[in-house]
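Chain residues, written in single-letter form:
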Amino acid sequence: MNKEEQIRRFIMDYPIEVPQQALENELNYIRLEMRHRMRYDTLTGGPHHFDADGELEQMEDELRQAAYYEAKYDLVIKDIIAREDFSVTRRELEEEATAMAQRQNSTVEMVYRFFGEDLAMLEKDLKRRKAEQWICEKTR
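The name that an unreviewed UniProt entry assigns to the chain is Trigger factor C-terminal domain-containing protein, with the source organism given as Candidatus Blautia avicola.

Structure representation (structure tokens):
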């Protein structure tokens, strides 16, 4: 089983309730994104979507499943981060800024300009990755 499958299975089995509002928010976001993609396809010479609402209606079950997973993923990851009390050091933030600059073919200075000198916005991503790593270690 690969990493994504491990995480998906863990998330789906995790005993946490997904509030209806969180599910609806995620579903609305996914629908909006799908409409955007359909319009983009049409504008860029891709397939025409003359009945976007009808297409979305046909995908309703799939969209609901995706929305449920995404909403639950966020709740589970936040819960694990809180329970395990993951922390991120300044050194880890700096290493991630360097790695990000290399991945983006940019400079570390540009990363600092985007995220700020304290790189606090990267902290959430690093904690999420630590939680995913923790899941993979627990599900081996």
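The discussion continues.
1. Describing the side chain of Lys72
Residue placement: Lys72 occurs in helix H4 (residues 60-84). Excluding its chain neighbours within four sequence positions, the residues that come into contact with Lys72 are Ile11, Met12, Asp13, Tyr14, Ile16 and Val18.

2. Here we look at the packing of aromatic side chains
Using the criterion set out here, one finds four aromatic pairs in the structure. Here the aromatic rings of Phe10 and Tyr14 are separated by 5.6 Å at their centres, their planes lie at 45°, and the arrangement is tilted. For Tyr14, a relative accessible area of 13% puts it in the buried group. Ring centres 4.8 Å apart and planes at 85° place the aromatic pair Phe114 and Phe115 in the edge-to-face group. Under the relative-accessibility criterion, Phe114 is labelled exposed at 60%. Members of the aromatic cluster, joined through ring pairs, are Phe10, Tyr14 and Trp134.

3. Focus: the packing of H4 against helix H7 (residues 120-138)
Geometrically, a packed helix pair is captured by the angle between its two axes and the distance between the axes. Relative to each other, H4 and H7 sit at 90°, their axes nearing to 9 Å. When the interaxial angle is binned, H4 and H7 end up roughly perpendicular. Packed against H4, whose contacting residues are Tyr73, Ile77, Ile80, Ile81 and Glu84, the element H7 presents Lys127, Arg128, Ala131, Glu132, Trp134 and Ile135 at the interface. The class makeup of the residues in the contact of H4 with H7 is seven nonpolar, no polar and four charged.

4. What about the nonpolar core?
Grouped together as the largest cluster of nonpolar side chains are 15 residues, with contacts concentrated most on Ile7, Phe10, Ile11, Ile80 and Ile135. Broken down by secondary-structure element, the contributors of at least two residues to this core are helix H1 (3-13), H4 and H7. Ranked by the residues each element gives to this core, the list is headed by H4, at six residues. Leave out the neighbours within four places in its chain, and Ile7 touches Tyr69, Tyr73, Glu132, Ile135 and Cys136.

Procedures and definitions
- Along each chain, residues carry numbers from 1 onward, in the same order as the chain's sequence is written.
- Reporting in this predicted model follows two pLDDT cut-offs: at least 70 for local features of residues, and 80 or more for side-chain atom pairs to be given and counted; totals over whole chains, interfaces and linings ignore these cut-offs and use all residues.
- Only hydrogens and water are set aside; all other atoms, that is, all heavy atoms of the structure, feed into the side-chain values.
- Elements are defined by DSSP. Helices are runs of H or I of four residues or more, strands are runs of E of two residues or more, and each kind is numbered from the N terminus.
- Only heavy atoms matter for contacts: two residues are in contact if any of them lie within 4.5 Å across the pair.
- Ring pairs are drawn from Phe, Tyr and Trp, using the six-membered ring of Trp, whenever the two centres fall within 6.5 Å, and their geometry is named by plane angle: stacked under 30 degrees, edge-to-face over 60, tilted for the rest.
- Only protein chains enter the accessibility calculation, which uses a 1.4 Å probe; a residue whose area is less than 20% of its type maximum is buried, one above 50% is exposed, and one in between is partly exposed.
- The angle between two axes is taken between their N-to-C directions and runs from 0 to 180 degrees, where each axis is a line fitted to C-alpha atoms and a helix contributes only its stretch in contact.
- Here the word oblique covers every angle except those under 35 degrees (roughly parallel), over 145 (roughly antiparallel) and from 65 to 115 (roughly perpendicular).
- All residues other than Ala, Val, Leu, Ile, Met, Phe, Trp, Tyr, Cys, Pro, Asp, Glu, Lys and Arg, Gly among them, are scored as polar; the first ten of these are nonpolar and the last four charged.
- The nonpolar core is taken to be a set of buried Ala, Val, Leu, Ile, Met, Phe, Trp, Tyr and Cys residues, with the residues joined through side-chain atoms within 4.5 Å.

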